[in-house]
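Below, each chain spelled out in residue letters.
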Amino acid sequence: MITVCRIEDLPPGESIRVTEGVPAPVALFHTEEGEVYAIDDTCSHQDASLSDGWLEGCYVECPLHAAFFDLRTGAPTCAPAKFPVRTHQVSVENGHVLLHVSVGEPA
Amino acid sequence: MRSVTVVGASLAGLSAVRALRAEGFEGDITVVGKELHLPYDRPPLSKDFLKGDVDAGSLALSEPDEYEDLEATWLLGEGAVGLDPAARTVTLSGGRELRTDGVVIATGATPRTLPAADGLAGVHTLRTLDDALALRAELRDGMPRVVVIGAGFIGAEVASTAHRLGLHVTVVEAQEVPLERQLGRDMGRLAAALHSDHGVDLRCGTGVTGFSGDRRVTGVHLADGRVLPADVVVIGVGVRPATDWLIGSGVDLDDGVVCDSGCATAVPGVVAVGDIARCPNPFTGRHARIEHWSNANEQSRTAVRTLLSGTSAAPPATAPYFWSDQYGVRIQLAGHVPAGAEARVVEGDIDSRSFAAVYEVAGAPVAAVAMNRPKLFNRLRRRLTPALAAVGS
Ligand code: FES
């Protein structure tokens, strides 16, 4: 488990990329609805960083070819992505955003 | 409408098939493809695929289970040579005639060549998977000296890939500033600088007059009299829409297939999509062919709605979008840069090759460009106004 930042540093509508203390980069999102989600940062399609993507509800649009991923499941909802990205557990405790990285294959 | 034939089995063709099924079309779909391959992704052909980092399998645009769901018949390895709207037939190069109620034209474009290089081994264009395989084999055979003709996006990507392979590369560009029409003068100069940043020799304002070599190319002759020694030459001087098979069909041809904003052609029951379709575009303010990956993807839904309903459907509302990866820099461009407009940097700086910038007309953003700034770029891109609306306001 790693402490990523304080929740104020990740206001609703924002995203952040975590590279330290994780086997592969992770993207964290704070949705406008107030949920915090974490998924693999690298798009399952080609080489793009999902933390640079456009957040819409609990979906993120890849900044390169506009595939949508469901932040809750990591599943793509449209082409060109064909494969899911992994999701990771994230919690907010005492104002800190905590990330529990999952290992293994995407669901 | 009980049957639709999609002519062209690339991204635009596949997207059309997907759109047909998504719109509830339950009739027969036949896809005609000149190449033997099922639809594959072209952008990596000048980048990772050319370098050898990814294989052909990873370029597949779809999977067996999707093909099963789409229930289309794929006729591959044979191009279309004729369309007869009165008889409702598409004729294939082997002579076979397909009867069809509706036609989606998605034959794209073919690279322009230089007649002086005809028949010379070692001279390449890059459009198809087979083109990329042939070029890749030659780039990875020893240490060939490479000359790229044309410093547009394809030429620059090929030069960058050859450079990453450790090869000696020279780029020749006829214009004084590469990509000036697409990006404006300042950004065009910056695109030129990406080559020199990496020690790749770029010669601008120089035309090519001929080639030396008997059966295989050995040199490229420039208008200023110099000769560049070359083992491999790549010609990247633009494309020609693949409309030959439509001559005499009644479909209106003029640098592509002339369409209305809903992708309808002059012939009822025939629509066009992708690189070949020249539709009125609010961002360019005139008829334009948009040779972009994202357009092939998005326009298909419009075309299919038009085909199925018989009345022109609404065009995609998004600004044309394009990206290019070269020399470790990701360039993203959206909207249309009007002649004479220059970009204003809104974040980052040009020297670090990391910035986002907008082009404005009458104070309204009509285009955005970025290098290595995808996040802000995607926000800017959503705020773009069509150039016509900007002028009108
Ligand atoms: S890299 Fe994400 S959709 Fe292509």
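As the structure is a computational prediction, the values presented were derived from the model and not from experiment. (Residues numbered from 1 in each chain as written. Chains lettered and ligands numbered in written order. Predicted model: local features only at pLDDT ≥ 70, side-chain atom pairs only at ≥ 80, totals over all residues. Heavy atoms only, no water.)

(A) Focus on the overall build of chain A. Each helix and strand counted, chain A has 0 helices and 9 strands in total. Tracing chain A from N to C terminus, the helices and strands come up as β-β-β-β-β-β-β-β-β. The C-alpha atoms of chain A give a radius of gyration of 13 Å, which matches the 13 Å a tight globule of 107 residues would have. Seen along its three principal axes, the alpha-carbon backbone of chain A occupies a region of about 40 × 30 × 20 Å. Residue burial in chain A is summarised as follows: out of 107 residues, 47% are buried. Within chain A, residue pairs in contact and separated by at least 24 positions form 36% of the contacts whose partners lie at least 6 positions apart. Surface exposure of chain A reaches about 5,000 Å², of which carbon and sulfur atoms provide 50%. Separation between the mean location of the 5 positive side-chain charges and that of the 16 negative ones in chain A comes to 6 Å. (Helix = DSSP H or I, 4+ residues; strand = E, 2+ residues; numbered from the N terminus. Rg over C-alpha atoms; globule rule 2.2 N^0.38 Å. Buried < 20%, exposed > 50% of the residue type's maximum accessible area, 1.4 Å probe, protein only. Contact = heavy atoms within 4.5 Å. Areas by Shrake-Rupley, 256 points an atom, 1.4 Å probe, with all protein chains shown as cover. Lys, Arg positive; Asp, Glu negative; His and termini not counted. Charge placed at Lys NZ, Arg CZ, Asp CG, Glu CD.)

(B) How the structure looks around the packing of helix α1 (residues 11-22) of chain B against helix α7 (residues 293-309) of chain B. All names here are of chain B. At a minimum axis separation of 8 Å, α1 and α7 run at an interaxial angle of 40 degrees. With respect to their mutual orientation, α1 and α7 come out oblique. Note that α1 runs across α7; the crossing there is right-handed. Contact residues: α1 offers L11, A12, S15, A16, A19, L20 and A22, while α7 offers W293, A296, N297, S300, R301, V304 and L308. Residue composition of the contact of α1 with α7, grouped by class: 10 nonpolar, 3 polar and 1 charged. (Axes fitted to C-alpha atoms, helices over the stretch in contact; angles between N-to-C directions. Parallel < 35°, antiparallel > 145°, perpendicular 65-115°, else oblique. Left-handed = near helix turned anticlockwise from the far one by under 90°. Nonpolar A, V, L, I, M, F, W, Y, C, P; charged D, E, K, R; others polar.)

(C) Inspection of the sheet that holds strand β14 (residues 217-222) of chain B at higher detail. Residue and element names in this part refer to chain B. Taken in spatial order, the 3 strands line up as β13-β14-β15 in an open sheet, and their pairing is antiparallel. Pairing within the sheet leaves two strands with one partner each, and these edge strands are β13 (208-213) and β15 (227-229). On average, adjacent strands in this sheet sit at an angle of 25 degrees to one another, irrespective of strand direction. Note that β13 and β14 share 5 bridges and pair antiparallel. The residue bridging V208 from the neighbouring strand is L222, located in β14. (Pairing = 2+ DSSP bridges.)

(D) Fine view of the pattern of salt bridges. Taken as a whole and assessed by the stated rule, the structure comprises 30 salt bridges over all chains. Two residues, A:K82 and B:E63, come together in a salt bridge whose shortest N-O distance is 3.2 Å. Here the residue A:K82 occupies a position in the loop between β7 (68-70) and β8 (87-93), and B:E63 occupies one in the loop between α2 (48-51) and α3 (64-70), the pair thus bridging two chains. When its relative accessible area of 28% is taken as the criterion, B:E63 is described as partly exposed. The salt bridge partner of B:R42 is B:E35, with a shortest N-O separation of 3.6 Å. (Salt bridge = Lys/Arg side-chain N within 4 Å of Asp/Glu carboxyl O.)

(E) A look at the state of the cysteines. Residues and elements named next belong to chain B. One pass over the structure, following the stated rule, counts 0 disulfides over all chains. Cysteine C259 remains unbridged, with the sulfur of C279 as its closest cysteine sulfur at 4.4 Å. Judged by relative accessible area, C259 falls into the buried class, the value being 4%. Between C279, a free cysteine, and C263, which holds the nearest cysteine sulfur, the sulfur-to-sulfur gap is 4.0 Å. According to the relative accessible area criterion, C279 is buried, its value standing at 6%. (Disulfide = S-S within 2.5 Å.)

(F) Local environment of the packing of aromatic side chains. Residues and elements named next belong to chain B. As enumerated under the stated definition, the model contains 5 aromatic pairs over all chains in all. Three or more aromatic residues joined by ring pairs form one cluster here, namely W293, Y321, W323 and F377. The lysine or arginine in question, R136, covers the ring of F49, its NZ or CZ lying 4.2 Å from the ring centre. (Phe/Tyr/Trp six-rings, centres within 6.5 Å; stacked < 30°, edge-to-face > 60°. Lys NZ or Arg CZ within 6 Å of the ring centre and 35° of its normal.)

(G) Structural detail: the environment of B:I29. Residues and elements named next belong to chain B. Looking at the secondary structure, you find I29 in strand β2 (residues 28-33). Exposure remark for I29: the relative accessible area of 1% places this residue in the buried category. When the C-alpha atoms of I29 and T73 are compared, they prove to be 6.3 Å apart, with 44 residues separating the residues in sequence.

(H) Seen up close, the UniProt feature "domain: Rieske" (unreviewed entry) in chain A. Following the UniProt record, the feature "domain: Rieske" (unreviewed entry) maps to residues 2-99 of chain A here. Segment residues 2-99 of chain A splits into 0% helix and 41% strand. End C-alpha atoms: 5 Å apart. (UniProt positions renumbered as here; feature names shortened; annotations may be inferred.)

(I) Broad picture of a negative patch on the surface. Residues and elements named next belong to chain B. Taken together, the side chains of D65, E68, D69 and E71 present a region of like negative charge at the surface. By secondary structure assignment, the location of D65 is in helix α3. In this structure D65 comes out as exposed when scored by relative accessible area, which is 54%. (Patch = residues over 30% accessible without salt bridge, like charges linked within 9 Å, V, L, I, M, F, W, Y side chains within 5 Å.)

(J) Molecular detail of the environment of B:R286. All names here are of chain B. Mapping R286 onto the fold places it in strand β21 (residues 286-289). Separated by 145 residues in the primary sequence, R286 and D141 place their C-alpha atoms 46 Å from one another. In contact with R286, other than residues within four places in its own chain, are C279, P280, N281 and H336.

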